[in-house]
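Report on the structure
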Amino acid sequence: MRKYLLSTSAIAGVALLSTAALADVTISGSTEFEYQSSDASTATEDGTKMGTTHEVYINFSNKTDSGLDIAYKTQLDTDGGGVDDNSLHISGGFGEIILGNTDGAEDIFAVTPDGLIAEESDGVLEGTATILVDSGSQITDNAPSKVTYLLPAMGGLTAGVSLGDSGLTDNSETTEFGANFTTEAAGGSVTIGYSAATQEAANQDIDSAIIGASMTTGSLTVAATNVTYEADGEDISANSVGFSYALPGGLKIGALTYKSEDDIDIGEEYTVNQYEAIYPIASGLSAVVTVADFDYKKGSTSNNSSADDRDGTITTLNIKAKF
């Protein structure tokens, strides 16, 4: 009897291992080499530099006995040694639940021209100014761990909400929601998107909203966006328009113009015009050339005492490979 029980247990264990092994696992990655040349008005940002970016993507997926689709997704930044995204996905007829450190509804439903440019530039303003430098998500990264619920698609309408909390202390909670509507038009498609987020803060809650639209017809995609951002001492509005066009032979070109202004810091504004060409060298290998002309004025009452007026042109060459 003992031998029979052991044999039965062994068979059951093998069966469980076999069931677990049925999960689909995909591993992919990307690597990028960048050469940048800056002609800037500030000496510390004028010159050339090189850098690399490497990422590994690991995805597990399976279907439960009850018919739920479950997936675990992680994105590794092998340069910094950290994890960019790490999340559990549960989906079915009810929609999808996402748990973990990944993009929230503010970013998921944002329709912006930034996505049409592979290597958008912020005009080397990191850490020197309080102005907005892009049209993407403004708050979602402030609470990396979050719970997101995405409604099942209803025709061309999709929507979702996220709740995030970065710690036990007060003023760490964020709320996000967004929606997209896509319809056919003029032989192509039109998408309208709206997303917003709020983070609790001691003096004044931080609020951002993104409203945008894009149209694709044939090889041409055009998009436009308005972003608003309000916080203690900040009341910023930004507008952006861009396009991308696929030419014969695989060459793709794009352009973007962006401008943001702060109504509290009188005269503070940032503008950038970007031009880009993507050339496919071979399958999975491409070269990207981007030129960005930027100009920043700190205004008369800038919140950041270390900010200064600056302008310049940034030219980058990126060699990208996907695996």
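Residues numbered from 1 in each chain as written. Predicted model: local features only at pLDDT ≥ 70, side-chain atom pairs only at ≥ 80, totals over all residues. Heavy atoms only, no water.

Looking now at the pattern of salt bridges. Taken as a whole, this structure holds four salt bridges when the rule is applied. Its salt-bridge partner being aspartate 69, residue lysine 63 comes within 2.8 Å of it at the nearest N-O pair. The closest approach of N and O atoms between aspartate 295 and lysine 297, which form a salt bridge, is 3.9 Å. (Salt bridge = Lys/Arg side-chain N within 4 Å of Asp/Glu carboxyl O.)

Turning to the packing of aromatic side chains, a few remarks are in order. Aromatic rings in a pair are described by how distant their centres are and how their planes are angled relative to each other. Counted by the stated rule, this structure contains three aromatic pairs. Judged by centre distance (6.1 Å) and plane angle (45°), the ring pair of phenylalanine 177 and tyrosine 194 falls under tilted. A residue pair is termed long-range when its members are at least 10 positions apart, and phenylalanine 177 in strand β8 (residues 173–185) and tyrosine 194 in strand β9 (residues 188–199) qualify at 17 residues. Note on tyrosine 194: relative accessible area 39%, which makes it partly exposed. (Phe/Tyr/Trp six-rings, centres within 6.5 Å; stacked < 30°, edge-to-face > 60°. Helix = DSSP H or I, 4+ residues; strand = E, 2+ residues; numbered from the N terminus. Buried < 20%, exposed > 50% of the residue type's maximum accessible area, 1.4 Å probe, protein only.)

The next thing to look at is the environment of alanine 246. Within the element layout of this structure, alanine 246 appears in strand β12 (residues 234–246). Judged by its relative accessible area of 34%, alanine 246 falls in the partly exposed class. In this view, alanine 246 contacts Ser219, Leu251 and Lys252; residues no more than four positions away in its chain are not counted. (Contact = heavy atoms within 4.5 Å.)

To continue, consider the environment of aspartate 265. Mapped onto the secondary structure, aspartate 265 falls in the loop between β13 (252–262) and β14 (269–282). Aspartate 265 sits in the buried class, given a relative accessible area of 1%. Residues aspartate 265 and serine 300 lie 35 residues apart in sequence; the distance between their C-alpha atoms is 6.7 Å.

Judged by side-chain charge, Asp39, Asp46, Asp309 and Asp311 come together as a negatively charged surface patch. Within the secondary structure, aspartate 39 is located in strand β1 (residues 24–40). Assessed through its relative accessible area of 56%, aspartate 39 is described here as exposed. (Patch = residues over 30% accessible without salt bridge, like charges linked within 9 Å, V, L, I, M, F, W, Y side chains within 5 Å. Areas by Shrake-Rupley, 256 points an atom, 1.4 Å probe, with all protein chains shown as cover. Lys, Arg positive; Asp, Glu negative; His and termini not counted. Charge placed at Lys NZ, Arg CZ, Asp CG, Glu CD.)

This part is about the pairing of strand β15 (residues 285–297). Alignment of β14 against β15, held across 13 bridges, turns out to be antiparallel. Considered in β15, the bridge of alanine 282 is made with leucine 285. Count of turn residues in the β14/β15 antiparallel hairpin: two residues, of which glycine 284 carries a positive phi of about 80°. Two elements, β15 and strand β16 (residues 310–322), share twelve bridges in a ladder whose sense is antiparallel. Paired with leucine 285 across the strands is alanine 321, a residue of β16. (Pairing = 2+ DSSP bridges.)

Our focus in this paragraph is the confidence of the model for the protein chain. Residue-level pLDDT values for the protein chain average 86, and 85% of them are 70 or greater. Confidence drops under a pLDDT of 50 for residues 1–21, and excluding neighbours within four residues, the segment shows one contact in the predicted structure. (pLDDT = per-residue confidence, 0-100.)

A separate point is the nonpolar core. If you look at the biggest cluster of nonpolar residues, it comprises 19 residues, and the most contacted ones within it are Leu132, Tyr229, Tyr258, Tyr270 and Val272. Only β10 (206–217), β11 (220–231), β12, β14 and β15 provide two or more residues apiece to this core. (Core = buried A, V, L, I, M, F, W, Y, C linked by side-chain atoms within 4.5 Å.)

With that settled, consider the side chain of serine 87. Mapped onto the elements, serine 87 comes out in strand β4 (residues 82–92). The class of serine 87 is buried, set by a relative accessible area of 3%. Here the side chain of serine 87 touches histidine 89 through a polar contact of 2.9 Å, side chain to side chain. (Polar contact = N/O pair within 3.5 Å; in protein donor to acceptor, adjacent residues only side chain to side chain.)

Turning our attention to a nonpolar patch on the surface. On the surface, a nonpolar cluster with roughly 850 Å² of combined accessible area is contributed by Phe94, Tyr149, Leu151, Met154, Leu157, Val161, Phe177, Phe181, Tyr194 and Ile211. Looking at the nonpolar patch, the elements with two or more residues in it are β7 (157–165) and β8. Relative to the helices and strands, methionine 154 is located in the loop between β6 (145–150) and β7.

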